[in-house]
Every structure is written in C-alpha cells, then in structure tokens.
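Close look at the chain arrangement
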Amino acid sequence: MVWGGVLCGGVLLPGFLAAENLFNNSGFELGDEGYVAVKFQRLETNKDLTYEPARVDAATAVGGKQSLFIPNRLAEQVNLFTHEVKLKRGAEYTFSIWMKGNVDDFVVHVTSLCVEADNNWQNHGAQFHVGKEWKRYSYTFKVNAGTTRDYHTFVIAWCKQGDPAADLWMDNLQLEEGALTDYKPSNDVEALSVPEKKYYSVDSLDESSLLKTAVINYGASEVSVKIKAVVTDDYTGDGILTKPYQVTLAPGEIKVLSEKLPLNRYGAFNVQTSVESGGNTRRGQWSDYAVVGRIEKKLADLSTTFVAGINWSGLGLTRGGLCVGTRDGSLIECRGMSREEFMDMLSQSGTRLLRDMDPMSVFIWKLLQPEEGKFDFSYSDKLVEMASRHGIRILPVLQGAFLVKKGEESGVGYQPKWVLDKSVKRTDLPEWLRTRSLYLAPEALWKKHFQAVVEHFKGRITHYEIFNEPNLYMKVDDYVRYVDQARDVVKVSDPSAKLVGICSTGDLGGNVESYLIDCFKGGIANDIDVVSFHPYDAPHLASVTAADRQIQGVRALIKNATSQEMPLWNTETYYLRGNDKNYFQTTQYDVYHASWRLLTDLGEGVQQSMGPFGDTLFKRNLSPHVDMMGWNGLVPGVNFVAYNAFARYFDGAKPVTKFKWMRDVICYVYEKDGRYRAAFWNYGDSKDLKVSLKISDEEAFLCDIFGNKVSLKNQPLRLGKSPYYLIAGAKLSNDAFLQALKSAAMEAEKPIQVSVARLMPEGDGWVVAVGLSNKSSKEVKGEVGVQGNGIVGQKTTAFTAEAGGEISVKVAVTVRDFKETEVEATVKVVVDRKIWNFPVKIAKPGAVYGAFTKAGAQTPLAKVLSGSPGGRFSAGFSAWYDDQNLYLEISVKDAVSSGAPAERNPWEQDCIELFFDLDPSHLAGAHPASYHAGVGRIFILPRVSEQGIKFQGAGVNLMSDRGIKPALQKQANGYDLTLAVPLTTLNITAPARGKTIGFEILADNVDGAQKAREQIGWSSEGRAHEDRLSFGFITFK
Amino acid sequence: MRRLGECKLDFISKISLILIAMMVGSLAEELPIKVTAPWAKHREEGGMVYSLAVTTGWPKLHAEVDTKTGSYYRVTWKMKSTVGGAATKTPFQLTLTPDDERDYTYGYALSTEWETYTAYFYTKESNRFKFDFFINPETELTVSLKGIEIAEVSSDQFKENTLPDGNLENGLMVPAAWKYNSREGKFQPPRIVPLKDFISGEKSLAVQADGAGEIASIYLPVELGRSVSFKFWAKADQECQITAIIQGYAVRHTGSHFYKGKKMKVDTEWKEYEVTTEVPTDTEKYPDLLYKTMYLCLGWGKEAKGMIYFDDMSFTSK
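Let me begin by describing the structure that accompanies this report.

What counts as what
Counting starts from 1 at the beginning of each chain's written sequence and moves along it residue by residue. Whichever chain is written first is A, and whichever ligand is written first is 1; the rest continue in order. Confidence filtering applies because this is a predicted model: local features only for residues at pLDDT of at least 70, side-chain atom pairs given and counted only at 80 or more, and all residues used for totals across whole chains, interfaces and linings. Where side-chain values are given, they derive from all heavy atoms of the structure, hydrogens and water being excluded. Each helix is a run of DSSP H or I of at least 4 residues and each strand a run of E of at least 2, with the numbering of both proceeding from the N terminus. The contact rule is simple, with two residues in contact once any of their heavy atoms fall within 4.5 Å. The term buried area means the drop in 1.4 Å probe accessible area that two parts suffer when joined, counted for both and summed. We define a salt bridge as a side-chain nitrogen of Lys or Arg found within 4 Å of a carboxyl oxygen belonging to Asp or Glu. Exposure is judged per residue with a 1.4 Å probe applied to protein chains only, and the accessible area is read against the type maximum: over 50% gives exposed, under 20% gives buried, and values in between give partly exposed. Strand pairing requires that DSSP identify at least two bridges connecting the strands. In this description, a line fitted to the C-alpha atoms serves as the axis of each element, helices being fitted only across the stretch in contact, and the angle between N-to-C directions of two axes falls anywhere from 0 to 180 degrees.

Concerning the environment of Lys690(A)
Residues and elements named next belong to chain A. Its place among the elements puts Lys690 in strand β39 (residues 689–692). Once the C-alpha coordinates of Lys690 and Gln246 are considered, the two residues, 444 residues apart in sequence, prove to be 46 Å apart. Dropping the residues within four chain positions of it, Lys690 is found in contact with Pro716, Leu717, Arg718, Leu719, Ala745, Met746, Glu747 and Glu749.

Right under this line is the structure:
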C-alpha cells in the first residue's frame, strides 16, 4: 500500500541553481513543521515532567519575522531533529545555521545521520560554541561514496550532563551542495498545510477540523502562484482532499488560508503542499495526522478481559540523547510532547496494557534499588500513576538474573554494581552469548527486592512477569527457584497479585515448548498463575509453524503437565512479519500483522496479547526513509489506527469458534456483550480470492481494519491480507450469524495455485514435481505442464484436486541445459481449456547418486563425498541395493576421536548424519521445504558404543523399530560403516528400479571434548536440518 | 504377391500375433517395392533407401499388396529431400489404385530432414492395391525414401489420436500430416517452429496469415455412425478468426459431401478448441463417405495478420 507518496525534501527543477537549500521551512516563517525537539528529562530536576516544546518566536530572528526557540530552563539534554533530505553519494555539502543562546558559551553539536543497510551509521558533524549573539555556523562534509542509503536526517544537540541550562534560538538553516553561500530559502515561494491536531479521537465520522495553509513570498517582487494541498490516505493511497488556491503575495507577505478538513474516515493521512510557479511545481514540507475512534479510559481486569497490549518503555527511558547522552543514563524521552500528552495519545490507540520493557524499564534493579537497602520508586510510581489515569495497566518484568556485557561489570548497565558483586557469575552460556556473563543474584536478596516491589505496588499492579526469556540463558532449576521465591512473596505481601512466568521464547533459536515442559517437570505450576510465551517462531497463521497450531500445542502441553487450563499470555512478539536480514526491517511489519496476532491470540483463547514494540504504532513522519523510529515526532501511523479499531470492536470479547473457509483463509467468531462478531482474512499469497455472505447491511455492520464501513452490497468481497470485521446487528441472531458464516461461498479466479516446483531424477530421466493447491470449494480436474530455461516438458500430467486439497504432480521433462543454480520456468495448469501460467524458479537439483544392484553396477562403486583428499578429515560413501535392502558403505578418515558424549548433541561429536526423504516429490502444504511425515534423520555415533545410533523424525520410525544397526569397522585413521536399510522402510516395494528417494549424508568431526566442529556434506550445503529440498537423491538404477 | 499376416512362426507366437493383430490391426510390414530406373536403391544401416534425382517426367516407385476388403490400412515411410518446402504445394504424391476402381492421389510437402509420412486408406471392396510414389518435376532435387511400411489398422485404434505427430514434437521442419491447401498470394507452407510457451514440448505448427489461406491434414480414417472430435490448441500474434472443419470431401469426390465446420476466435493466449460431429451413415446422400476417410482443415480470412500457431492436435473417434 502507498505510504503517503514520496516524502522527500524537494525536487530540483530546471532553471534552479544546483546549490538549492534542501531544508524546507528553513527560516521557520511557516511554523515549526518539519522539526521536532526531543528532550530527555529527569524526575530529580523535573518532577512534573513538564515539557516546554520548541516554538516560533517573533521577538527575534535573523531573516524574516521569526525564529525557532527551544527553551531549556531545566538543563535537559535536547536533540532537535530535522526532516530527512536526500543526498548524493560522494558529493560534498555544507550545513549552516544561525544560532544564539541565553548563556555566554555552550556547546552545540550538529551531525548528519544516515543508517546503512547493515545498521551501521554514517554521520558527519561538528561542534560549535554558541553565545548570546546571533552567529552563523557551518561545516562542510562529504557523503560516503560507498553508502548504501541516500536519506539523511540532522540532529542539533546540546546540554550534556553538567552543562549549563541553555535556551537556544535557531534560524535560517541551510543545506546545500558545495561550498557555503548566502542563505536562501528552498524556494522563493513556500507553502505548508497543517491540520489543527496530530490526531483526532472522534465519537463519529461526522466531525471536522481545519486545514491551514500558510504561504510566504520570500522574493523581492509580487508573485501570483497556484498552491495545492493534497491529503492522502497512507494505507490506500486514496486522495481524501485536494484544495487548490490561487494566491497573490507582495514581497515578504505571508497569507494563511483555511479549509474545512472532514474527519469522515479512520486512518492515518499525509498532507502534501505544492507550489506551482512559472510552469514548475515544487513540493515542500509535509505534515501528518490520524483519525481514530474515541476510546474510553478504563482500567481492565486482566484476568477476565482481553485487551490490546504493547511492549515499550512506559516512561520512555533511554540512555539519553545523541551526542550528549551517557552509557549509564536513564532519562525520560519526550518526543515533541510531554509524557502526559503521550500517555493520553497512547490510550487512544486502544492500548490498555503496557509491558514495561524495552529499551529500558522503570523496574530495572538499578532504578528501584540503586543502593543496598535503599529503594526508589519515583520512576515506577510516576509510570504506574500516569498510566492508570489513562486506563492503561502496567505489566512489570522483574529480573533477578542478569546478562552483563563484558566491560559493564562495573555496573554501567542496568544492574547496580553492588548487586553484581554479590551475584554468582556463570560463563557457561550458549555460543551466541559469548560476549556476556550471567550473574545470578542471591535468592534471598532477590526475594527481598521483589517483596519491596510487591508491597509498594499492592492494589496498583495486578500481575508481575518473572524474568524475560530465561530459556535462552538460564537452567531450568535456577529459574524455578527464583519463581518459587516470588511465589512466597506474593502469598504474604499481596495474595491477589498474579505471577506470570515462564516467558519461554522462540526468538534466537529458543524452543518455546521444551523449556515449558522442563519447567513444569520442575514443579513451576504451583508457583505461577499465568504462563507466558514469545511466539517468535510462529508469529502468524502462514508461518512454518502456524500460530494457531503452536498455541493449541502449548495449551495442550500445559494441560498435560498440570491437569488444568492455566491462562496463557503472549507477552512479546516484535517480529510480526517474520525474519529479515536487516535488523531494523525485521521490526517493521505491515499493518495487518499486528491485528492478525491480536485476533489469532484472542480466537485461540490466549488470555492477553501484547506482541508489538510500541514505537511501531507511530509513523516516521519526519524521516520515512531512514531506518530509525526515534528520530521522528510521535504521530500515529496506520498501526495505531488498526490497534484502535481492534480495541473498539474486540476488547473484552471471548472466542466462540473458527472456520477455515479454504487453505489460507480464516474466519474467527467471537462474542462480546452477548452478540457475535467475526474477523476474517486471507493470510496466504493468492490475490484472487473472494467470499460472498448471505448477510445484508441491515443485519450486520462490516468494516475494514480501521473501522471504516464496507457495504455488504458490494459482494463478493475481495479477500486480502487486511481483515474484515463483521458485527452482528440486533436483527440477526447469533445462530443465524454463525450459519451465514458457515455457508459462505468462496470464489477464486484461479482455483488452482502453484506453490513450488522441484526438478528431480526419476527412472532414467527427469521430472518436475509441482505442488498444487485447490483454492475453491469444488473438485478441480486438469493437467499440468512445465516449461523453462533448459527444461522442456515432454507431456502434461493429469490431476484431480479435491476442494481445499493439496497435491503434488510429477511432469516428465527433458533437461537440455542447466547451467545456473536456478532457472526461470513456468508451470502451466490447464483447467476447462484455459491455461494458467505460474512463473516459478526451479533450483538445480541436488547431487544425484545412481544406485545399482551389485550385478547391474556399470562402474565400480563410486565414492562421492569427501573433504580435502588426503587431508586429516574426509569421508566418502557408496550405495547399492538388492531385492531387500539399500546398502550404504561409508568410509571416514578421522584419526582423533571426539570421546564420550558429555551432554553434547550428536552433531557436536564425531557423527554420521543420514537424512532420508521417502517422498521427495511431496510438495503439498504452505511450507514444502519443511520436513513432512516421511522425512527422518539417523545419527550414527561411531565413537560411542552404547548410544551408537539415534533416530529422529517420523520418516525413520520403521527403521528404529526394525533395529537397524550399522556395522562399524575401526581403522587406524578413521572408521568404516555399513548399513542395510530395508527397502520397505523406505516405502519401496520391489522392484526398486526406477524409484527415487531424497538423501543426504553429513560427516561431523570434533577433536576431543569440545563442541566446535567441522562438517562435510554431499548435497545440502549445511541446510539439511531445515530444508528437505536441499537433499540430494538416490535413484535406483 | 506377399500376403500380409503369413509368416513362419511357431504355434504360440502365431497365437500371440493373431491376438495382437486383433487388437491393433496388424503389425507393420515392409511394402514390397519395385524399383525402376531412374529410381535407385542402396542399403544403409536400418534398411533400404530409395532415391530419385528429379529431372523430367514422373518416374514411379511401385508396390502392390493384397488387402482385406472393408478394412483400413496405414502406409508410413520416412522421406527427405535436398530441397524442402518446395515451390509447388504438394510436390510429392502417392497414388493408390484399388483393384477395379479408379485411383486417387495424396500429396505431401518435402523436408530437408528425414520426416515420417503417413497415408490412411480404406479398401472398400478391393482386395488388392497398387501404390505409386512419384514427384512433380518442378524443381531439381533428389528425394529419398526409406522404411516404407504398411499395416492394417483396427477401428478400435480410432479412439487414439490418428493424426500423426499431434504435438508436433517429432517433426523437424515440415508438419508431415499437414499441407498447404489454398491461399491467396504467395505460397508459404505450414512450418514447425520452436516455441516453448505451450503447455509442453518445444515445437508448434505455424502458418503465416498473409491473405486468406487454409491448411489441410492427410486423410484420416473414420467409421460411419461414430462421433469424431477434432481438437487443437491455438494462439495468434493478433486476434483473428479461424475456421476448423472436419471435411468429408473424399479423395475421389463423387457427389455431395458431408462436412462440419466451426468459426473460432483465436487470440494471443493459447486456448483449446474442438469440433465434433457424428459421421453420417447415409452413403446415398453423401457418396464420398464410402471412402471412409476425412481430412481436417484450418483456415483463416484475409483480415488475419501475423502468425497463427497450433499445437496438441488430435482427431479421435468415440
């Protein structure tokens, strides 16, 4: 979806000098739009957290009538951010600014900021000593030629800790290519349209506001220009309002024009103003606003009422501003508004639960108990009190075990040194945490600490989460002991308080389920009231592990372990879209992702959900192309509006049932206040799905993800990723509502979809296996053909796919030439005399081994897997078969044994890993690379006699049942293995000739009792454990 | 004369042969060719090759066989020429002379690659046929034939596609089952072209639509009273209209003839088309039916422009 069009600083027009000023509204004659002052406050010096914003000051200016004034009576760190500018790679620019202060000499830092694709920063800056008189300051810099990004923002920062309190005025900012020149604005005529508010919380869509357009003529003569203010919906890209003006201005004149701004649609909007003069049109500074439905502020009972929650630092704690912050800082960030104003705005997003966590919590030990025996609840009180007034519950996360970065043991991190000094240090952490140590606070100390917190917040905080993601770094026994202590505390200090634990995460390779199981075995069920998890490995229904399946699995696991239905909370899922190589991009998601998670959690019976990081509710209004949320003001974005709509329609709802209308289309039904309502969406990739419901506008209300009405007259409804919300009206009984949903009619322009195509050997030739799914509600018959670069389909293959079904079809092909690792191809599906073309990429098939019978072998048995020949570690294998078995002969050169297992995984020792895929042409399902029931692994540990072989995966169940054992022959410099695998366990009935299985073999080598290893493999290039399509093949010749 | 079906085999093999013959007609046998100069023959690996350097006259390659009355037969041979797609429409001819009946002639285009050619015929009342292969002496070239075989065809086989090389994958240059039939302007034969955007295969049949034109297939066997279906896929460089006809105009046209045609719109996307009909039984009304063969036509009008492509072509009987 369009995001407000192109939002860059300006467009170079023919006839303009190359050195134009890239800053909009650089003299602040049109107000302060395009700039935001971020202040970093301390309760010690500003107990009311009073925020004095930047404002225009008509009393003093260098040019024009006004300048920008940033008061700073309280000596707070200040960062003034500009809107983004687009710079040329390798070009030289000069930044200049007029500044003065109210004190004689204080340092002001100016720097450009650009975030590269690898998340490193490129910045160019300077420091200036500013005094009481207006003076121009400048510096010249060169943009890195090898930069990966072109958008930069600038920050003007002052007031490090210890610096004097200094107000600052600034005027006439300029950024120009080349050397410094006299100041000039970006254009002779500038215009800027700004709504009255940054967001509107409305009772109905009949309200309106004003859009004010200010225009100024900087030139020396009268001008007549056309101005246009265009309001665009960020999500749909629709134009909401276009207002043209014809304006005549005398030299230096400013005019302000007003236009009614209808608030007739929920959403986030962008306002772009342009000036047309002399046949040229130039866009200037933009502004933004949002419209949401009013939310009543009311504290929820978290044990009974599902609400929309988020993760964030509730009080905006950070280490301080750019250029002026400190490593051990804990300051309250105010981005263009006070924390009070922020909390008021946040309440209107529908957020009623805030998990106080990242980037810094008020409940960190360092703030709560900076010295032994001394507690300080000023920050946490402030947060809890402020949040409560705005109807938001706080979920604190209390920590008694700390991951401390090397070099921060002095207490510069979140943990005070006096606690670290008393803690037990552990260094036996997973490899990825090698730069940290784990400090376990003494349990008695932790208990006292927690007790003080609970007693202090009794009646004000109802739930406490104990530790964050301990499964990544803590042994189960240790964690259970801390939780046990916490239980003792609440029993005595606040029996009504609830403990939330285990907080098992799927992030960073963590296994949600196994830690839960182990904790329950450790007796944790007696200590916690709520089970929490972080479903990073199953964020939504289309994930490899579908979100609903994971939730059902976890709930079943809890029931099995505890014989009761304990409430389940999703307390964090930042990466709602899935993984991205770029960390920042991983935190971004499309607007429907957050709604999906809330709707799925609610629909599956999760008691509370607070997945996203709260900053993502807001838009990067100043720098949309710069990968940093914090360098912008706080303006609600589309996610904010979607959250608001969810809260209005689903807060307090209960799950009723769900329908899977077809693969990738879900419909959840809920009940709220006795009436049914539903949410339905398409979470797959098909773009041609539609649904028709036998419900009219008189019977129910249908709306989009933001709450905007959608008429039921416009059916069939196109099913996209953005959910629809359907609310039953008074005329429609719950049963009738349910019946109408059950009988929904689905349509698809292309009822058959192709997921993936795989080239594989079969018999003496090749086939392309194609995964098909039938999206319709009827059986479909047709034919499939394949054509591609270097691949020629010999003939088509007929198929029959049942309604909603998935199948794999094999198409015989001739491979002419396959030079690349991947080729473009087209799968052609013929149904009812029509051909649908599906472009696919076909990967070069993995290694192929032709296994012969001993008698039929045309060449001596071939060794086909090796490391460096003659090297200290190498391996080879060969295979042959008869009517009964497939025989594998494996030879490994490895003179040094890995020794006893010592709690190592098989692949962390000398090991032969064998992978079998009994049906390599199976491509049905949303994630064909995932293991299916016919895939399994065998680990052979040649150095370990008792545990010599392990089986994993349903695909090799029969092998383990039949007691398949390798015969081991030790050699002077390694070992040989032979293995007979019955053909029946490979699902092969004789004769085997012409059959194909997927196969991979890996050899692991570890010298001695360590874990680090080397590995050589045949086909998969290290991906075999997660991608069955990377296996090679054994064909039976 | 050599009688088909007679060979010295043991008892079991004979039974097998008979059973096979009952199911699929008979096994193909070499046509007993009589070579008369200027035709020449020489032996190559795989069999005898018959060649003619064309100059003047119509020297013939001759064969005679005994046949069963009321039966269908298929003659196949491989042929190539030093000049392909020659100037005349159908330079190569096969004349069939049934005993006690007038002869009739099939025409074929030439290719510079070895292509497989087919001729179907129905014996009616005749139990002996003569075959004469010859070529119009319009162009100086050398034509060669090999693998000339004849086989009886059971009507059961009509359920399968009787149109040879329906997917065009075996043809190299010339679609051996199709020839140019009529056209305004310059003669351009139908060609096999490399094309990989069809459902399968890498070749399709292509005609140049430059003025009205038509291509026709070889004669294909039909049974009276049976439903037949002519199916094909087509696309064109530009949208145009074509006509597909199941044509009952016999090789010796004797009176009214039956045909079933259908106009179709072809566009730039491959689509499947079909013409179906029941072959009439009224031979008095349609005496051409007595030859029990029909051919297929694909035609286009003068407004059609660019190339028209065909693939996956079939003619089957129910």
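Examining the interface of chain A and chain B
The interface is formed by 17 residues belonging to chain A together with 13 residues belonging to chain B. For the pairing of chain A and chain B, the buried interface totals around 1,200 Å² over both sides, and the portion due to carbon and sulfur atoms is 48%. Of all residues in chain A, Gln787(A), Arg833(A) and Ile835(A) give up the largest surface area on contact with chain B, accounting jointly for 49% of the area buried on that side. Run the count over chain A and chain B and you get 3 salt bridges. One salt bridge connects Arg816(A) with Glu202(B), and the closest N-O pair in it is separated by 2.0 Å.

Focus: the environment of Thr826(A)
Residue and element names in this part refer to chain A. Within the secondary structure, Thr826 is located in strand β50 (residues 822–831). According to the relative accessible area criterion, Thr826 is partly exposed, its value standing at 22%. Spatially, the C-alpha atoms of Thr826 and Pro839 are 4.4 Å apart, while their sequence positions differ by 13 residues. Each residue touching Thr826, except ones within four places of it in the same chain, is listed here: Gly785, Val786, Gln787, Asn837, Phe838, Pro839 and Val840.

Digging into the sheet that holds strand β38 (residues 675–682) of chain A
Residue and element names in this part refer to chain A. In spatial order, the strands read β36-β37-β38-β42-β40; together these 5 strands make up an open sheet with antiparallel pairing. In the strand order of this sheet, the two ends are held by β36 (654–662) and β40 (700–703), each with one partner. Taking the axes of each pair of neighbouring strands and ignoring which way they run, one obtains an average angle of 20 degrees across the sheet. Contacts between helix α10 (residues 591–603) and the sheet are confined to β36, β37 (665–672), β38 and β42 (724–728), with β37 contributing the most and set at about 60 degrees to the helix.

Description of the sheet that holds strand β10 (residues 135–142) of chain A
All names here are of chain A. The antiparallel open sheet is built from 5 strands, whose spatial order is β2-β3-β12-β6-β10. Pairing within the sheet leaves two strands with one partner each, and these edge strands are β2 (55–57) and β10. Between one strand axis and the next, the sheet turns through 35 degrees on average, direction left out of account. Sheet topology places strand β6 (residues 92–101) next to strand β12 (residues 168–177); 8 bridges connect them, and they run antiparallel. Paired with Trp98 across the bridge in β12 is Asp171.

Thoughts on unusual backbone geometry
With an omega of 0 degrees, the peptide bond running from Asp358(A) to Pro359(A) counts as cis. Its place among the elements puts Pro359(A) in the loop between β24 (351–356) and α2 (365–368). The peptide bond linking Ala37(B) to Pro38(B) adopts the cis configuration, its omega dihedral lying at 10 degrees. Mapped onto the fold, Pro38(B) is located in the loop between β2 (33–34) and β3 (40–44). With phi around 55 degrees, Cys503(A) is a residue other than glycine that occupies positive phi space. Along the polypeptide, Cys503(A) turns up in strand β30 (residues 498–505).

Any link to function would need more than the numbers given here.
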